[in-house]
Every structure is written in structure tokens, then in C-alpha cells.
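What the coordinates show
So you can see what is in the structure, the chains are spelled out below.
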Amino acid sequence: EPEVTQTPSHQVTQMGQEVILRCVPISNHLYFYWYRQILGQKVEFLVSFYNNEISEKSEIFDDQFSVERPDGSNFTLKIRSTKLEDSAMYFCASTRTGGYTFGSGTRLTVV
Amino acid sequence: SQKIEQNSEALNIQEGKTATLTCNYTNYSPAYLQWYRQDPGRGPVFLLLIRENEKEKRKERLKVTFDTTLKQSLFHITASQPADSATYLCAPPGDDKIIFGKGTRLHILP
């Protein structure tokens, strides 16, 4: 069964550093998303991406965040200057229609 | 603002019984609603999607109902097994996304 692949599975970074989280969505999917989940809290929407542009973003997705689909397969989330409160699981998801397929996530720890 | 409430944070059910989870939504009328399962440290896994014109949807031991009058969806697992223990998430749509509730942690007791 097709999978959404996320790398790395774990990332530890110093506060103020930039991180790039990578995702390979399912190849024939058209819509792409990033969500995050702070430990013990609900899964929160960050951004949706369609037709090579952001279609919607949440209040969390401020200027320190950016997304890119640099080629036909990768979808990246960049956090420019990480803060302690950015520590969370970050999930990439994709869909063609209907249910979303989520990756296994990247656990980001900012120290 | 749009609000999603799942009936309880945790639910304990004896193995073999039917587990019923509730999702209530307020301040909007979604055209469909999705249910996901999430295991600790893993991403959500899509289970079922039910549209507003469908009263009920089934998949193996799972059944979902959608009552647009009550603004409620019920998620049933029949003949529950310990392997069904997980957090179950209700997810109605936003504009270009789905929105997750806090979920219900289901424990199936052997």
C-alpha cells in the first residue's frame, strides 16, 4: 500500500536554528498538508498546499514557517528560527480525494 | 468558531462488547466527516468517511452514523478486541483542510 514517507524520524535542534522537515507524499495525490501535535494535545493544522501554492494556513503558520515542493516528489516544511514551543510531532499528509494519508511523523525537539 | 467535541477523553470497554464513540460539532454544517485512528507516536490512520446524505457507513466491524439534525456522528466498533485500543479522532472539514477533535482514548479490556 502506498505510504507517505517523512524524514528524519527524530530531529534535535538548538533554539534559533533552522530546520527542514521532509516528506514524500503519495505520487498521484494532489493536496498536501502539514500538521503538528504537541505532546498530549490534539493534532493541529498548519498549512495546506495545492497546485504549487499554499491554499490555507493557520495562525500557527507565521513568518518563521515556509513550505516548498521543489520537485515532483518532495514536500518540505522549513522552520527558520526554532523556538522551544516548536517542539512537537510534525505530520505530513496527502490526499487525492477523501481520506488523508499521514506519514509517521518527525519528532522535533528544540533545546 | 467551529467546534468539535468528542464525548470523553477515555473509554474502557470489555472485550467482545460494542464501543460507541461520540463526536459533536457546533457552529457549522459539514458536508462530510472523517474518522481516524491514532496509535501513540504515530500518525492518524484514515478509517471511514461519511457524507451528509448518508445516514450510516460500514467497514468490517466499524460503523459510523451521521445525524445532521443533532450535529453528531457516532462511531461504533462491534466485537471489540484489545488490538482496537487506540485514540479515535473525529475530523470534519474546514475550508482546505480537516480539523481534528481531541479524540477519545479507547481501552479494550481483555
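This write-up is about the structure you can find in this document. (Residues numbered from 1 in each chain as written. Chains lettered and ligands numbered in written order. Predicted model: local features only at pLDDT ≥ 70, side-chain atom pairs only at ≥ 80, totals over all residues. Heavy atoms only, no water.)

With respect to the sheet that holds strand E8 (residues 75-79) of chain A
All names here are of chain A. Taken together, four strands build an open sheet; the order of strands is E1-E3-E8-E7 and the sheet is antiparallel. The open sheet has two edge strands with one neighbour each: strand E1 (5-7) and strand E7 (65-68). Taken over all neighbouring pairs, the strand axes of this sheet differ in orientation by 15° on average, direction set aside. (Pairing = 2+ DSSP bridges. Helix = DSSP H or I, 4+ residues; strand = E, 2+ residues; numbered from the N terminus. Axes fitted to C-alpha atoms, helices over the stretch in contact; angles between N-to-C directions.)

Quick notes on the nonpolar core
Counting residues in hydrophobic clusters, the biggest one holds 24 residues, and the most contacted among them are Leu21(B), Leu33(B), Trp35(B), Phe75(B), Ile77(B), Tyr88(B) and Leu106(B). Counting only elements with at least two residues in this core, the list comes to strand E2 (10-14), strand E3 (19-26), strand E4 (32-38), strand E5 (45-51), strand E7 (62-67), strand E8 (72-77), strand E9 (86-91) and strand E10 (104-109) of chain B. It is E3(B) that contributes the most residues to this core, four residues altogether. Listed in part, the 21 residues of the second largest apolar core include Val19(A), Phe32(A), Phe65(A) and Ile79(A). (Core = buried A, V, L, I, M, F, W, Y, C linked by side-chain atoms within 4.5 Å. Buried < 20%, exposed > 50% of the residue type's maximum accessible area, 1.4 Å probe, protein only.)

A word on the interface of chain A and chain B
Counting residues at the interface gives 18 residues for chain A, matched by 17 residues for chain B. Applying the counting criterion to the chain A and chain B interface returns one salt bridge. In this structure, Glu56(A) and Lys97(B) form a salt bridge, with 2.4 Å as the shortest nitrogen-oxygen distance. Our count for the contact surface shared by chain A and chain B stands at eight residue pairs in polar contact (both at pLDDT 80 or more). Only strand E4 (31-37), strand E5 (44-50), strand E6 (53-57) and strand E9 (88-95) of chain A provide two or more residues apiece to the side of chain A that touches chain B. (Contact = heavy atoms within 4.5 Å. Salt bridge = Lys/Arg side-chain N within 4 Å of Asp/Glu carboxyl O. Polar contact = N/O pair within 3.5 Å; in protein donor to acceptor, adjacent residues only side chain to side chain.)

Considering the state of the cysteines
Scanning the model with the defined rule gives two disulfides over all chains in all. The partner cysteine of Cys23(A) in its disulfide is Cys92(A), sulfur to sulfur 1.9 Å. Since a negative S-S torsion denotes a left-handed disulfide, the Cys23(A)-Cys92(A) link at about -65° is left-handed. Residue Cys23(A) is located in strand E3 (residues 19-24), and its partner Cys92(A) is located in strand E9; the two are separated by 69 residues in the primary sequence. Each of the two residues, Cys23(A) as well as Cys92(A), counts as buried. Here Cys23(B) pairs with Cys90(B) through a disulfide, and the sulfurs are 1.9 Å apart. (Disulfide = S-S within 2.5 Å.)

Keep in mind these numbers describe shape, not what the thing actually does.
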